Amino acid sequence: MNIHDFLNQVRALAPEHLASPWDNSGVQVAGPDRTVRKAAVSLEPGPDALARALDWGAEVVVAHHPLYLKPEAPKTPGRYLDALRLLLCSDTWLYSAHTTLDSRPGGPARWLGEALGLRNREVLEPLADPEAGFGELGDLPRALSIDAFLKKLRPLAGGAALTLCGPEPARIRRVAYCPGSGSSLAALAFGRGADVLVTGDVKYHTALEVSGLVVDVGHFALEEEMMRRFAAELARAVKGVSVRFFEGRDPFRRVPG
């Protein structure tokens with residue numbers, strides 16, 4: 001498959017018109033016009049994931065997070081320069097499906113709602129198209145105690161340590177979630193009747209102000225699974241191209257007590 005036809009298939013699954021104004025979804029590094037036989041998918045476009053993808057023979061890498069949000073000169077040693085060097089020296093394309101994937105109606109960013117068996121599911125923060133937007137809200141089949149809900153959530157979050165903040169409800173029935181960094185949606189979630197918000201990257205001052213229970217599962221776990229599912233979806237869409245998901249690693253290490 002020609003690279004441009006391949007990227008159009010990616011765009012069909014992560015429509016670029018859904019990108020947030022601040023985002024840099026789309027082509028990050030362009031290579032030559034070429035045939036794509038192997039395509040790698042990863043959460044991060046870091047040197048480690050890129051090196052493994054290139055060793056496998058990928059002609060294009062589709063990552064969730066952008067390599068950069070604003071253009072910057074490649075003059076400082078570090079991850080950005082190392083990633084550029086790997087890509088440019090191998091003529092490999094890099095594409096980011098970031099907020100374009102997060103906000104796609106029915107996309108893999110909604111996997112947690114499916115895994116929790118939520119009913120009456122709706123977008124938490126809709127865009128102009130009410131089916132598109134960020135996060136999701138829905139009802140559990142039956143109300144659970146906080147302990148029972150956390151027991152159900154923990155394996156879905158990769159077994160990661162869970163951090164709680166905010167007042168705890170007696171029972172949890174209505175669940176809001178946003179993979180990645182979604183604590184800015186807390187007021188919206190609780191204003192729409194959520195008993196809990198599941199997300200990552202909750203900051204200290206945000207934790208002081210939330211009006212309901214927030215479960216911080218970290219930025220990594222939910223989006224890693226999202227990209228695993230996206231890779232399977234992409235594999236079904238691009239005939240004649242081998243698509244492989246390259247697992248990432250949570251940069252946070254938790255020390256047992």
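All of these numbers come straight from a predicted model, not from anything done at the bench.

## So, the overall build of the chain
Phase 1 of the analysis: Looking only at helices and strands, one finds nine helices and eleven strands in the chain.
Phase 2 of the analysis: At 19 Å, the chain has a C-alpha radius of gyration in line with the 18 Å of a compact globule built from 257 residues.
Phase 3 of the analysis: Each principal axis of the C-alpha distribution contributes one length, and for the chain these read about 60 × 40 × 30 Å.
Phase 4 of the analysis: The contacts in the chain between residues at least 6 apart in sequence include a share of 66% that link residues at least 24 apart.
Phase 5 of the analysis: When the accessible surface of the chain is split by element, carbon and sulfur atoms take 52% of a total near 12300 Å².
Phase 6 of the analysis: In the chain, the 30 positive side-chain charges and the 31 negative ones have mean positions that sit 4 Å from each other.

## Notes on the pattern of salt bridges
Phase 1 of the analysis: Applying the stated criterion across every chain yields a total of twelve salt bridges.
Phase 2 of the analysis: With a closest N to O distance of 3.2 Å, R52 and D48 form a salt bridge. Within this pair, R52 and its partner D48 are both found in helix α2 (residues 47-56), separated by four residues, close to a single helical turn.
Phase 3 of the analysis: With a closest N to O distance of 3.4 Å, R254 and D250 form a salt bridge.
Phase 4 of the analysis: Salt bridges sharing partners connect three or more residues here, namely E122, D139, R174 and R192.

## Description of unusual backbone geometry
Phase 1 of the analysis: Non-glycine residue N120 carries a positive phi angle of around 55 degrees.
Phase 2 of the analysis: Positive phi is not limited to glycine here, since D201 has a value of about 60 degrees.
Phase 3 of the analysis: Take D201: it is sitting in the loop between β9 (196-200) and α8 (204-209).
Phase 4 of the analysis: The exposure class assigned to D201 is partly exposed, which follows from its relative accessible area of 30%.

## With respect to the side chain of S96
Phase 1 of the analysis: Looking at the element boundaries, S96 is found in strand β4 (residues 93-96).
Phase 2 of the analysis: A polar atom in the side chain of S96 sits 2.9 Å from the backbone oxygen of H64.
Phase 3 of the analysis: Those residues in contact with S96 that lie beyond four places of it in its chain are N24, S25, G26, Q28, A63, H64, H65 and P66.

## Structural notes on the nonpolar core
Across soluble globular proteins, nonpolar side chains show a tendency to be buried alongside one another.
Phase 1 of the analysis: Counting 48 residues, the largest nonpolar core has F6, V41, F149, V198, V215, F230 and L234 as the members making the most contacts within it.
Phase 2 of the analysis: Ranked by residue count, the leading element in this core is helix α9 (residues 220-237), at seven residues.
Phase 3 of the analysis: Aside from chain neighbours lying at most four places away, what touches F149 is L116, L140, L144, I172, V175, V196 and V198.
Phase 4 of the analysis: With 16 residues, the next largest nonpolar core counts L50, W56, L87 and F246 among its residues.

## So, the side chain of E233
Phase 1 of the analysis: By the secondary structure assignment, E233 is in helix α9.
Phase 2 of the analysis: Among the polar contacts made by the side chain of E233, one reaches the side chain of R104 at a distance of 2.8 Å.
Phase 3 of the analysis: Non-local contacts of E233, meaning those with residues more than four positions away in its chain, are made with L13, R104 and P108.

## Comments concerning the sheet that holds strand β7 (residues 163-165)
Backbone-to-backbone hydrogen bonds pair the strands of a sheet. The strands run either parallel or antiparallel.
Phase 1 of the analysis: As summarised here, the arrangement of the six strands in space is β5-β6-β8-β9-β10-β7, forming an open sheet in which the pairing is mixed. Sheet topology places β5 (119-126) and β7 at the edges, where each strand pairs with a single neighbour. Each adjacent strand pair in this sheet contributes to an overall mean axis angle of 25 degrees, direction not counted.
Phase 2 of the analysis: Bridging between β7 and strand β10 (residues 213-216) involves three bridges; their strand directions are antiparallel. If you follow L164 over to β10, its bridge partner there is V215.

## Some details on the packing of α2 against helix α3 (residues 79-90)
Phase 1 of the analysis: Orientation of α2 relative to α3, taken along the N-to-C sense of each, is 15 degrees, at an axis distance of 9 Å. The angle between the axes of α2 and α3 places the two elements in the roughly parallel class. Seen from above, α2 lies across α3 with left-handed handedness. Across the interface between the two elements, P47, L50, A51 and L54 from α2 touch R79, D82, A83, L86, L87 and S90 from α3.
Phase 2 of the analysis: Class assignment of the residues belonging to the contact of α2 with α3 gives a composition of seven nonpolar, one polar and two charged.

## Digging into the environment of W93
Phase 1 of the analysis: With respect to the secondary-structure elements, W93 resides in strand β4.
Phase 2 of the analysis: For W93, a relative accessible area of 7% puts it in the buried group.
Phase 3 of the analysis: Each C-alpha atom of the pair W93 and V62 lies 8.4 Å from the other, and the pair is 31 residues apart in sequence.

Quick notes on the rules
Residues numbered from 1 in each chain as written. Predicted model: local features only at pLDDT ≥ 70, side-chain atom pairs only at ≥ 80, totals over all residues. Heavy atoms only, no water. Helix = DSSP H or I, 4+ residues; strand = E, 2+ residues; numbered from the N terminus. Rg over C-alpha atoms; globule rule 2.2 N^0.38 Å. Contact = heavy atoms within 4.5 Å. Areas by Shrake-Rupley, 256 points an atom, 1.4 Å probe, with all protein chains shown as cover. Lys, Arg positive; Asp, Glu negative; His and termini not counted. Charge placed at Lys NZ, Arg CZ, Asp CG, Glu CD. Salt bridge = Lys/Arg side-chain N within 4 Å of Asp/Glu carboxyl O. Buried < 20%, exposed > 50% of the residue type's maximum accessible area, 1.4 Å probe, protein only. Polar contact = N/O pair within 3.5 Å; in protein donor to acceptor, adjacent residues only side chain to side chain. Core = buried A, V, L, I, M, F, W, Y, C linked by side-chain atoms within 4.5 Å. Pairing = 2+ DSSP bridges. Axes fitted to C-alpha atoms, helices over the stretch in contact; angles between N-to-C directions. Parallel < 35°, antiparallel > 145°, perpendicular 65-115°, else oblique. Left-handed = near helix turned anticlockwise from the far one by under 90°. Nonpolar A, V, L, I, M, F, W, Y, C, P; charged D, E, K, R; others polar.

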